[in-house]
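Working through the structure, step by step
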Amino acid sequence: MRILSGVQSSGRLHIGNYYGALRQFVQLQDEGEAYFFIANLHALTTVRDPKQAEELTREAAVAYLSLGLDPKKAVLFRQSDVKEVLELNWILGTVVPHAHLERAHSYKDKVAKGISPDFGLFAYPVLMAADILLYSADAVPVGKDQIQHIEFARDWAVKFNVTYVPGYDPQDPEGKEKGHAPGILKLPAARIQESTAVVPGVDGQKMSKSYGNTIELFGDEKEIKKRIMSVKTDSTPVEAPKPTENAPLYDLLKVMLPESRFKEVDASWRAGGKGYGDYKKQLLEAFHETFGPARQRRQELLSDPAELERILQDGAERARAEASRLMQRVRRAVGIP
């Protein structure tokens, strides 16, 4: 099984990135052939400072490695180091219906928030699909809010195969039946981590850099404490049972605490007798217990930039070898020498 996913380098990584994606990535590297990339081309839709773009890309790579990704097991690379993705992006875009892009959540949500739309934002899902399809991924770990991107990738892969592969049957995409040809672009499947697909931010919305409600993985200790102590709560008295619905502090404790410890917290939360401040202190302790070793490893990696670059270049070479094989077939199919 080939697994592929990535993290956009458009801001500091936060615990939502970890529980919604990075932790799963580390686990999946033992389950199959894993390709993980830093989406620095996607990041250009929001990051316009070149020095910041380079720094954030480096930070994302360091985060992957600090949190347990093994470059000997998984292929770790920068999206921009594999130029074939831009070629597939264009070729795939020639069969993408305009209406699909208009109803893309990533586009509609940004426009609804008043962000001025540009081509990069509008065509964002096509590049994401090219990332997935270029490596013939079987499974793509995503959050629930990203399922549409996988559906688009599947739909556009089918459209490309129908257009350019004689004998291709969408009902038999692998060409197992006599007279049917397998598609060039493989149909990926979404792999969702149900329990932590959406991590709440300090304000109760989904944790996101766009909302400014994150708790950074590698932020300053004082700022981390400030963020955790500012998690939104209601006015329930100390002695009263606390609500479990629409309660970001409760949800964050559920995500971060080991199951046995959360059972204790859950019991006291429902019984009453403790204030929200006590629970925020437990959340802060859980943060340092979970991420303390990774934060130390990060400092070690940042002190050796040459080794970090060597790891990324090695990953890029391995990724390009796979990408070039697929693009040879794609070029032949569409009539490009």
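So, a few notes on the structure that sits alongside this text. In this text the structure is predicted, and so the values were computed from the model without any measurement.

1. Concerning the pattern of salt bridges
- Summed over the entire model, instances satisfying the criterion amount to 20 salt bridges.
- The salt bridge involving R2 is made with E33; its shortest N-O contact spans 3.1 Å. Residue R2 is located in strand 1 (residues 2-8), and its partner E33 is located in strand 2 (residues 33-39); the two are separated by 31 residues in the primary sequence.
- You can call E33 partly exposed: its relative accessible area is 39%.

2. A short note on the packing of aromatic side chains
- Applying the stated criterion across every chain, the model contains 17 aromatic pairs.
- Here the aromatic cluster, defined as three or more aromatic residues joined through ring pairs, consists of Y250, F262, W269, Y276 and Y279.
- Directly above the aromatic system of Y276 lies the positively charged group of K242, at a separation of 5.8 Å from the ring centroid.

3. Some points on the pairing of strand 1
- Here strand 1 lies mainly inside the structure; 6 of its 7 residues are buried.
- Two strands pair when backbone bridges link them, and strand 1 and strand 2 are joined in this way by 7 bridges, in the parallel orientation. Pairing of I3 across the sheet is with A34, part of strand 2.
- In the classification by handedness, the crossover that spans strand 1, the intervening helix 1 (residues 15-28) and the parallel strand 2 is right-handed.

4. What about the pairing of strand 2?
- Of all 7 residues making up strand 2, 6 are buried, and the element is well covered by its neighbours.
- Bridging between strand 2 and strand 3 (residues 75-78) involves 4 bridges; their strand directions are parallel. Residue pairing in the sheet places F37 in a bridge with F77 of strand 3.
- Traced from strand 2 through helix 2 (residues 50-66) to strand 3, the parallel crossover comes out right-handed.

5. Description of helix 7 (residues 124-134)
- The element helix 7 is extensively covered by neighbouring structure, given that 11 of its 11 residues are classed as buried.
- Within helix 7 the residues assigned to the buried category are Y124, P125, V126, L127, M128, A129, A130, D131, I132, L133 and L134.
- Within two residues after helix 7, S136 carries a phi angle of roughly 50°, on the positive side.

6. A word on the environment of L326
- Relative to the assigned elements, L326 resides in helix 13 (residues 305-334).
- For L326, a relative accessible area of 4% corresponds to the buried category.
- For the pair L326 and E84, spaced 242 residues apart in the sequence, the C-alpha separation amounts to 9.3 Å.
- Apart from residues no more than four positions distant in its own chain, L326 is found in contact with L88, L133, L134, S136, I184 and L185.

7. Observations regarding the nonpolar core
- By size, the foremost hydrophobic cluster in this structure holds 55 residues, and its most contacted members are I15, L22, Y64, L217, L253, M256 and F291.
- In this view, L253 contacts F262, V265, W269, Y279, Q282 and L283; residues no more than four positions away in its chain are not counted.
- Among the nonpolar cores identified, the runner-up in size contains 49 residues, and Y35, A39, Y124 and A181 belong to it.

8. Examining the side chain of S136
- Assignment of secondary structure puts S136 in the loop between helix 7 and strand 4 (139-142).
- Under the relative-accessibility criterion, S136 is labelled buried at 18%.
- When residues no more than four places from it in sequence are discounted, the contact partners of S136 are R2, K186 and L326.

9. A short note on unusual backbone geometry
- One non-glycine residue, S136, adopts positive backbone phi at about 50°.
- Despite not being glycine, N246 shows a phi value in the positive range, around 55°.
- Inspection of the secondary structure puts N246 in the loop between helix 9 (221-229) and helix 10 (248-256).

Quick notes on the rules
Residues numbered from 1 in each chain as written. Predicted model: local features only at pLDDT ≥ 70, side-chain atom pairs only at ≥ 80, totals over all residues. Heavy atoms only, no water. Salt bridge = Lys/Arg side-chain N within 4 Å of Asp/Glu carboxyl O. Helix = DSSP H or I, 4+ residues; strand = E, 2+ residues; numbered from the N terminus. Buried < 20%, exposed > 50% of the residue type's maximum accessible area, 1.4 Å probe, protein only. Phe/Tyr/Trp six-rings, centres within 6.5 Å; stacked < 30°, edge-to-face > 60°. Lys NZ or Arg CZ within 6 Å of the ring centre and 35° of its normal. Pairing = 2+ DSSP bridges. Right-handed = clockwise from strand over helix to strand, strands pointing away. Contact = heavy atoms within 4.5 Å. Core = buried A, V, L, I, M, F, W, Y, C linked by side-chain atoms within 4.5 Å.

Remember that the coordinates give geometry; whether it matters functionally is a separate question.
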